[in-house]
Amino acid sequence: MLRLPEFRYVKAGSLKGAVRALSDLGPDAMVVAGGTDLYPKMKRGQFTPRYLVSLRFLPELKGIRPRGREGMWIGAGETLTALCEHHAIKGIFPSLAQAAGSVSTPLLRNMGTIGGNLFVDTRCNYYDQTFFWREAAGFCLKKDGEICLVAPRSKKCLAVFSSDTAPVFCSLGAMAILVGPGGERRVLLEELYRDDGIGFLTKGREEVLRGVVIPRAAFGVRNVYLKLRRRGAFDFPVLGVAAAMSFSKENICLSARVVLTAVSSCPKVVEGAAAVVVGKRVDRTAIEEAAEVAARASHPVDNADMDYWYRKRMTKVYVRKALALLAGLES
Amino acid sequence: MSRQGFSIIGKALPKIDAMAKCTGETRYADDLHFSRMVYAKLLRSPHPHALIRAIRTERALSLEGVYAVITGRDLPVRYGISPATEDEEALASEKVRFVGDPVAGVAAASETVAEKALGLIDVDYEPLRPVLSVEEALVAEGELRIHSWNRRANIQKAVSFEFGDVEQGFEQADHIFDETFFYEGNTHLPMEQYCAVAFYGPDGKLTLWSSTQTPHYLHRALSKVLGLPMSRIRVIATPVGGGFGGKSEPFSHEICVAKLSMITGRPVKITLTREECFYVHRGRHPVKMRIKTGVKSDGTLQAMHFQSFLDGGGYSSYGLATVYYTGALQTVVYKLPGYKFEGVRVFTNKPPCGPKRGHGTPQPRFAVEVHLDAIAEKLGMDPIELRLKQLVEPNTVTVNGLRITTTGLRECIERLAAKAEWKKKFRQLPYGQGIGFASSAYISGAGLPIYWNDMPHSGVQIKLDRGGGITAFCGSIDIGQGSDSILAYVVAEEFGVDPADVRVVTADTDLTPVDLGSYSSRVTVMTGNAAIQACRKLKDTLLRAAADALEIPADDLEFAEGKVRCRSFRDRAISFVECVQKAEAKFGTLGAMGSYRPPKHPANYRGSGVGPTPAYSYSASIVELRCDADSAEVKVDKVWIAHDCGRAFNPLLVEGQVEGSVYMALGEALMEEQVFRKSGLHKLPSMLDYKSPTALEMPEVETILVETNDPEGPFGAKEAGQGPLLPVIPAVTNALYDAIGVRIHEIPITPDKVLRALEGRLKPVSVPSFEFPPPIRWQPGEGVEVQQKS
């Protein structure tokens, strides 16, 4: 089998200690929680850390508190299994339970954490390969190489943002709580991402995600997550649609958020699609128009499973379906 | 299930190794550990096509913990599964022919050190332009020639046959249908990766443990390449964690660990990574096909012209047989008075293709069954009716000289159609839902061995212990299909004892008589017959002892319930143990041998060796599915499958084989593809990215077993391991047409193809233009005489 390279495992006693270790050890250090993304990538030579700072046992990263003062608190160290099986999450934010429950397989969800999924490395068919393969292909921009093998003229890495839970959190307006050497800061989760396959995270290297808060305002919002992939388990999304909508008693749409995943290098908030439906009684025509707007924002390239032409086409289909579900036009 | 007169046969028993597998007791090759053992890794080519100018190994050799480094120079003798096409080297010496072609091997104290050492081997390559398509391969010249031994271009083998009167058949036809198809390549994906351990002892003898389906052929290849007599080599096939055809020939890694052990004097182990398994491959050939059929207005087939173009990859492997198999079995299902077949296999700079479950027949079966579905529709006939009116009859010889013994296909189809409520559903389901049908046939063991010889294909030795224990020795290897269990059942049935009283010792060339291996669905029929012969010889001896002891004539005695007893007065009996002891006292140590060779086949033309078998199994399948009109995603709701297995020794095992075939077929039909980048690099060599169905994709399967009691099979049995895969793939395609009205002529049927087809944008499959050699002509009746039971 592929061998795991040697590394030093650093177990910090507290979140503060972990942050300190990260800044002391410098760029040779990475954090590890569940390790489901990290270890295979180390075996393939995509990540080459000398030190791994463990977040696994930190109590600060634990806990799901559904009805906190500000909203729902979810510790970054909670497993995906804990999320998708949580009674209150299933009741209030079914989209989040769906997204977390759709990540990989039950075994990996038992290990993988929500923090790990929010910051899961971007993926690409030219990058998620062994060292042997990447050497044979000629290395790429994202690791060890100079050019993007998907689009050689692209100056930017086009690796695909592949988190299932990030678009859902973004659709619900979640805040991220980060702890760094300078202390704690909170930021709108979607602001942590940018459309660059390599630098897809705006957070500092030494900052650790403590948890996320879904604001009270999102409670009562209808929400759904739809995922396109080849199989019912195992696969990363090749398209994900997270949608959240609220309605008045007269069934007028008061707010709407549509966030796509796996169509670029970050979660894509499609404001235009939301604008089409807000303030209206949502019918098929409005949904069709919103879906079309969303599809225009979707730019898959030939670096993931399934034909990119097909994936773009499916953006419309999946957004249409998601909005129709929320508007009660489909079940 | 009929159980006439049997005590074990027909019973749903657990496999004899079931508990060991469930509890983790089974020791696979990678579970073997020896003291002083070292670990091997192979350096593989990053180029699809290149000359090797030089290899320097000094730096690797000087690394601490490295015991030996070998290159092609250490193993210069070529080998290959087929004696006519021995074009492989354990390590490429002058040229590499695909990305992943091994060029050097290292033995080191650990896998980590071995891997590090690979990075210190310097190979100077001169890259050549790779040849990646059949079209390019057919015309390749100069440096684009991948091998130099073949006559022209990159053509490994081109064949052409004409059986019956093809011209007249087309003339008499009222309609002629002409279509093209493409079946993408895919790989076996067994759970267990390739693994082998070698130890060359101080006694000058080599032992190789390997996860192999063909220990005997491996034994021969090792001897040839290593220059050791076969008598000094022992091959032990370890329990195979899934083979599906991918472990049925000698491999580089097996030869390399043997050589490395000879150099180091230590046990050497190699376990390939999953990625390497994709490069070793030997899986399903990508095949382009053209099929032209002449039919009467009532649907009767008059003549068929079938062309196949096989993309073989870098080496021959089993390709010689594969190209014939893409043409041989078209005639075995429906009566065909005239048949023309032309096939060609080419070399390309991709991992070599070989045999995978159904070996060369799923591709043409897909084409033929989808083609017939279209013909039925054009003629306004029910596709099942069209087939039922021209099924091949039992005890006949086909137009290409294949001898049919029994066929239960009619019963299969009728029971299947009733179960699935075909008449109620076909063309009656709402848009987006559909039902489709197809049928097929497969061989129960190849009629000829891989290398020409007159010896038996399978041998069984039985030894009786004074305590009543029975040991059966046989070279067959259990690859999960249950061949060890089958051997125990046959022996237990014959001696009237519990299968638990039978021990089987298999797949060890030092201990067991030769069996050619677990390929071509041959084991139940061939080892079963050999075992029965051995048992009956021993029973004669035992009966003589029992007849004396009981004072009853031997022909009034039977073996049952752990006794030898009088048929008419069952109380008059002696226990089996007592009988054994009396016989041993009388005749000395007890043992017997049995062996089996398939019957001679009727045809005698050049190329007639591929296709014959002792008996053909038959299968039919109905698939019901739904296709989302917006996303074109296909979900299979249910598969009904009927299989004529001759006799189900153990219905549980047969159903397991049938369900496994359905699973594999659905993967091939809907998602699996071994595909390459323009650079010749495998696109997705990993379990995550090579899409194979999970348990969630598996629909409900309803299996119907049909028994025809074939005179050639042991207790009437035929095969069950491969045939049931064949009808499922075209049935999926036909069901999709019923659901949404488009026929996809390409496997796998992915959502993007369906969407393109719905929009009329899916291009038809193009086949290369190629001039095949003049045909070998043969008329039925020209062959040799054959008797029935061999």
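**What to know about the sheet that holds strand 7 (residues 183-188) of chain A**
Residues and elements named next belong to chain A.
Next, step 1: One open sheet holds the 5 strands; their spatial order is 4-5-8-6-7, and the pairing between them is antiparallel. This sheet does not close on itself; its edge strands, each paired only once, are strand 4 (64-65) and strand 7.
Next, step 2: As paired strands, strand 6 (residues 175-180) and strand 8 (residues 208-215) are joined by 5 bridges and run antiparallel to one another. In the sheet register, Leu178 faces strand 8, and the bridge partner there is Leu209.
Next, step 3: Along the sheet, helix 1 (residues 15-25) makes contact with strand 6 and strand 8, crossing strand 8 at roughly 130°.

**A word on the nonpolar core**
Next, step 1: Leu323 of chain A together with Ala472, Val491, Val728 and Val732 of chain B are the most contacted members of the largest nonpolar core, which totals 355 residues.
Next, step 2: Here the element with the most residues in this core is helix 15 (residues 523-550) of chain B; it accounts for 14 residues.
Next, step 3: Excluding residues that lie within four positions of it along the chain, Ala472 of chain B makes contacts with Val460, Ile462, Leu487, Val491, Val502, Val504 and Ala531 of chain B.

**Concerning the interface of chain A and chain B**
Next, step 1: Contact with chain A, which involves 23 residues of that partner, is made by 26 residues of chain B.
Next, step 2: Sorting the residues of the side of chain A that touches chain B by element identifies helix 8 (131-137) and helix 12 (308-326) of chain A as the ones contributing at least two each.
Next, step 3: Of the residues belonging to the side of chain A that touches chain B, the class tally is 13 nonpolar, 3 polar and 7 charged.

**Let's talk about the environment of Ile214 of chain A**
Residue and element names in this part refer to chain A.
Next, step 1: Among the secondary structure elements, Ile214 is positioned in strand 8.
Next, step 2: A C-alpha to C-alpha distance of 9.7 Å links Ile214 and Phe93, two positions 121 residues apart in sequence.
Next, step 3: Setting aside its immediate chain neighbours within four residues, Ile214 contacts Gly71, Met72, Phe93, Leu172 and Ala174.

**As for the pairing of strand 11 (residues 253-261) of chain A**
Residues and elements named next belong to chain A.
Next, step 1: Burial analysis of strand 11 places 7 of its 9 residues in the buried class, the great majority of the element.
Next, step 2: Linking strand 10 (residues 239-247) to strand 11, which pair antiparallel, is a turn of 5 residues; within it Asn251 sits at a positive phi near 70°.
Next, step 3: Bridge count for strand 11 against strand 12 (residues 268-269) is 2 bridges, and the pairing is antiparallel. Each bridged residue has a counterpart across the sheet, and for Val259 the counterpart in strand 12 is Val269.

**Section: the packing of helix 11 (residues 284-296) of chain A against helix 12 of chain A**
Residue and element names in this part refer to chain A.
Next, step 1: Running from N to C, helix 11 and helix 12 point in directions that differ by 140°, and their axes come no closer than 8 Å. The angle between the axes of helix 11 and helix 12 places the two elements in the oblique class. Crossing hand, helix 11 versus helix 12: right-handed. Facing helix 11, whose interface residues are Ile287, Glu288, Ala290, Ala291, Glu292, Ala294 and Ala295, helix 12 presents Lys312, Thr315, Lys316, Val319, Arg320, Leu323 and Ala324.
Next, step 2: Partitioning the contact of helix 11 with helix 12 into residue classes produces 8 nonpolar, 1 polar and 5 charged.

**A look at the domain arrangement of chain B**
Bring the parts together and some accessible area is lost; that lost area is often taken as the interface size.
Residue and element names in this part refer to chain B.
Next, step 1: With domains assigned, chain B is organised as domain 1 (37-128 + 191-242 + 247-280), domain 2 (287-448 + 603-758) and domain 3 (456-596).
Next, step 2: Computed from C-alpha coordinates alone, the two centres of domain 1 and domain 3 are separated by 39 Å.
Next, step 3: With 14 residues of domain 1 at the interface, the matching set in domain 3 holds 15 residues.
Next, step 4: Where the side of domain 1 that touches domain 3 is concerned, the elements lending two or more residues are helix 6 (215-226) and strand 11 (233-237).
Next, step 5: Considering only residue class, the side of domain 1 that touches domain 3 consists of 7 nonpolar, 6 polar and 1 charged.

**Quick word on unusual backbone geometry**
Residue and element names in this part refer to chain B.
Next, step 1: Note the cis peptide between Ile747 and Pro748, where omega equals 5°.
Next, step 2: Within the secondary structure, Pro748 is located in the loop between strand 29 (746-747) and helix 19 (751-758).
Next, step 3: The backbone of Ala153 shows a phi angle near 45°, a positive value even though the residue is not glycine.
Next, step 4: Among the secondary structure elements, Ala153 is positioned in the loop between helix 4 (134-139) and strand 7 (155-164).
Next, step 5: On the basis of neighbour counts, which here come to 20 C-beta atoms within 10 Å, the residue Ala153 falls in the buried class.
Next, step 6: The phi angle at Ser317 is positive, at roughly 50°, despite the residue not being glycine.

Calculation notes
Residues numbered from 1 in each chain as written. Chains lettered and ligands numbered in written order. Predicted model: local features only at pLDDT ≥ 70, side-chain atom pairs only at ≥ 80, totals over all residues. Pairing = 2+ DSSP bridges. Helix = DSSP H or I, 4+ residues; strand = E, 2+ residues; numbered from the N terminus. Contact = placed C-beta atoms within 7 Å. Axes fitted to C-alpha atoms, helices over the stretch in contact; angles between N-to-C directions. Core = buried A, V, L, I, M, F, W, Y, C linked by C-beta atoms within 7 Å. Buried ≥ 20, exposed ≤ 12 C-beta atoms within 10 Å, placed from the backbone. Nonpolar A, V, L, I, M, F, W, Y, C, P; charged D, E, K, R; others polar. Parallel < 35°, antiparallel > 145°, perpendicular 65-115°, else oblique. Left-handed = near helix turned anticlockwise from the far one by under 90°. Domains from an automatic or database assignment.

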